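Below are the chains, spelled out letter by letter.
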Amino acid sequence: TGFVDIDNVALRYGGEATGTLALSGMNLSVGKGEFIAVVGPSGCGKSTLMKAMSGLWPVTSGGVSVAGQTVSGPLSMVGMAFQAATLLPWRTTLDNVMLPLEITQPYRSEFMQKKSQFRDKARALLKLVGLEGFDEKYPWQLSGGMQQRVSLCRALIHEPALLMLDEPFAALDMFTREELWGVLQEVWMTKNPTVILVTHDLREAVYLADKVYVMSSRPGRIIHERDIEFARPRD
Ligand code: ADP
Ligand code: ADP
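Remember, predicted model here, so these are calculated numbers, not experimental data. (Residues numbered from 1 in each chain as written. Chains lettered and ligands numbered in written order. Predicted model: local features only at pLDDT ≥ 70, side-chain atom pairs only at ≥ 80, totals over all residues. Heavy atoms only, no water.)

K.L.:
Help me understand the sheet that holds strand β1 (residues 4-13) in this model?
P.N.:
Strand pairing in a sheet relies on backbone hydrogen bonds. The paired strands run either parallel or antiparallel. The antiparallel open sheet is built from 4 strands, whose spatial order is β2-β1-β4-β5. Among the strands making up the open sheet, the edge pair consists of β2 (20-30) and β5 (69-70). Sheet analysis places β1 next to strand β4 (residues 61-66), joined by 5 bridges and oriented antiparallel. Looking at β4, one finds that Ile-6 is bridged to Val-64. Along the sheet, helix α1 (residues 46-53) makes contact with β1, β2 and β4, crossing β1 at roughly 115 degrees. (Pairing = 2+ DSSP bridges. Helix = DSSP H or I, 4+ residues; strand = E, 2+ residues; numbered from the N terminus. Contact = heavy atoms within 4.5 Å. Axes fitted to C-alpha atoms, helices over the stretch in contact; angles between N-to-C directions.)

K.L.:
Which parts of the structure should I look at to understand the environment of Ala-84?
P.N.:
Turning to its location among the elements, Ala-84 is positioned in the loop between β6 (78-82) and α2 (93-104). As a C-alpha pair, Ala-84 and Gly-144 span 60 residues in sequence and 9.1 Å in three-dimensional space.

K.L.:
Would you mind showing me how to read the packing of aromatic side chains here?
P.N.:
Each aromatic ring pair is summarised here by two numbers: the centre-to-centre distance and the angle between the ring planes. One pass over the full model with this rule turns up 5 aromatic pairs. Ring centres of Phe-35 and Trp-188 lie 5.9 Å apart, and the angle between their planes is 65 degrees; on these two criteria the pair is classed as edge-to-face. Remark: Trp-188 occurs in helix α5 (residues 174-191) and Phe-35 occurs in strand β3 (residues 35-39); sequence separation between them is 153 residues. Grouping residues by exposure puts Phe-35 and Trp-188 together as buried. Here the aromatic rings of Trp-181 and Tyr-207 are separated by 5.0 Å at their centres, their planes lie at 35 degrees, and the arrangement is tilted. In this pair, Trp-181 sits in helix α5 while Tyr-207 sits in helix α6 (residues 202-208), placing the two residues 26 residues apart along the sequence. The positively charged end of Lys-32 is found above the aromatic ring belonging to Phe-3, 4.5 Å away from the centroid. (Phe/Tyr/Trp six-rings, centres within 6.5 Å; stacked < 30°, edge-to-face > 60°. Buried < 20%, exposed > 50% of the residue type's maximum accessible area, 1.4 Å probe, protein only. Lys NZ or Arg CZ within 6 Å of the ring centre and 35° of its normal.)

K.L.:
I keep staring at the site of ligand 2 and nothing clicks. Help me out?
P.N.:
Around ligand 2 there are 13 residues in total, and Gly-43, Gly-45, Lys-46, Ser-47 and Thr-48 lie nearest to it. Measuring from an oxygen atom of ligand 2, one finds a backbone N or O atom of Gly-45 at 3.0 Å. Between Thr-48 and ligand 2, the recorded distance is 2.5 Å, taken from a side-chain N or O atom to an oxygen atom. The fraction of the free accessible surface of ligand 2 (560 Å²) that becomes covered by protein chains is 62%. When contributions to the shell around ligand 2 are tallied by element, the ones reaching two or more residues are β2 and α1. The dominant element in the shell around ligand 2, judged by the number of residues it contributes, is α1, at 4 residues. Grouping the amino acids of the shell around ligand 2 by side-chain chemistry returns 5 nonpolar, 6 polar and 2 charged. (Near = heavy atom within 4 Å. Polar contact = N/O pair within 3.5 Å; in protein donor to acceptor, adjacent residues only side chain to side chain. Areas by Shrake-Rupley, 256 points an atom, 1.4 Å probe, with all protein chains shown as cover. Nonpolar A, V, L, I, M, F, W, Y, C, P; charged D, E, K, R; others polar.)

K.L.:
Looking at this structure, I do not really get the site of ligand 1. What am I missing?
P.N.:
Surrounding ligand 1, one finds Ser-42, Ser-47 and Lys-51. At a separation of 2.7 Å, an oxygen atom of ligand 1 approaches a polar side-chain atom of Ser-47. Within the side chain of Lys-51, a nitrogen or oxygen atom sits 2.4 Å from an oxygen atom of ligand 1. With the chains in place, 27% of the 560 Å² that ligand 1 exposes on its own is no longer accessible.

K.L.:
Is there a simple way to explain the side chain of Glu-204 in this structure?
P.N.:
Residue placement: Glu-204 occurs in helix α6. Among buried Asp, Glu, Lys and Arg side chains, Glu-204 stands out as unpaired, with Arg-177 the closest opposite charge at 4.8 Å. The residues contacting Glu-204, other than those within four sequence positions of it, are Phe-169, Arg-177, Trp-181, Leu-197 and Thr-199. (Lys, Arg positive; Asp, Glu negative; His and termini not counted. Salt bridge = Lys/Arg side-chain N within 4 Å of Asp/Glu carboxyl O.)

K.L.:
Help me understand α2 in this model?
P.N.:
Each turn of an α-helix holds 3.6 residues, which means side chains three or four residues apart point in the same direction. A large share of α2 lies buried, amounting to 9 of its 12 residues. Within α2 the residues assigned to the buried category are Thr-93, Leu-94, Asn-96, Val-97, Met-98, Leu-99, Pro-100, Leu-101 and Glu-102.

K.L.:
Just checking my understanding: could you explain the sheet that holds β6 for this structure?
P.N.:
Taking strand neighbours across the sheet as the criterion, the 6 strands line up as β6-β7-β8-β3-β9-β10 in an open arrangement whose pairing is mixed. Where the open sheet ends on each side, the last strands, each with one partner, are β6 and β10 (221-227). Direction aside, the axes of adjacent strands within the sheet are offset by 20 degrees on average. Sheet analysis places β6 next to strand β7 (residues 162-166), joined by 5 bridges and oriented parallel. Looking across to β7, one finds that Ala-81 is bridged to Leu-165. Sheet contacts for α1: β3, β6, β7, β8 (194-198) and β9 (211-216); angle to β7, the most-contacted strand, approximately 155 degrees. Where helix α4 (residues 144-156) meets the sheet, its contacts fall on β6 and β7, and the angle it forms with β6 comes to roughly 165 degrees.

Now the structure itself:
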């Protein structure tokens, strides 16, 4: 068994008769610290798989477990980033990165007490992704690639064991995208989270991941699995 185990999962949106069967016969096992990529055509169930893994959507049948625990609701150990950086425009870079810490502290006073510690943590992450000195900038003052770097920091701020990235670089031009591959590799090698990357870009998948899974639709399932060797330097 792995760190993430998807065991014969089916997931249907809506009712038995009329709903969409988004996943069926889905099996997947991801080792701790592994970096996998999931590719497949639009609508094949990639986002649905992420929702099932993170406990954001209940599966219809089969089992999902993470770190040996059955997933039955939203997991707190997951960090997520999406195609759109979805930063809050009225908040600075630093305050965007700290947002998950802010909203998960039960009391405002606790957050305020720990704020300088959190700030140091956020600054260290910004440095890791090459955004040192951008703390006080607002999202609209940053390029698309920079916004994605911030979004990556926000996903990492609570040190998630599991990092889920849903087409994080799809909106970026080719050059910026490849720059961000380097950033993501650096993040993965430094923090070593288990990474699930959903992408349309096969080159990106092969460049970054240990394993690439290809999904097919109607209903969504894995049709091909491939180990990537020598894709990048290893320790
Ligand atoms: P992707 O970029 O992964 O292809 P989509 O554009 O298909 O995503 O979907 C974006 C969001 O809309 C997802 O969160 C998905 O769950 C939701 N969604 C997709 N299709 C439907 C639908 N038929 N009914 C309701 N929500 C949907
Ligand atoms: P992908 O991420 O690969 O583009 P999705 O997981 O978003 O695919 O969608 C898989 C299938 O489930 C699609 O047919 C989509 O329309 C459907 N779907 C996704 N989200 C919802 C939802 N919230 N309600 C109903 N159908 C949905």
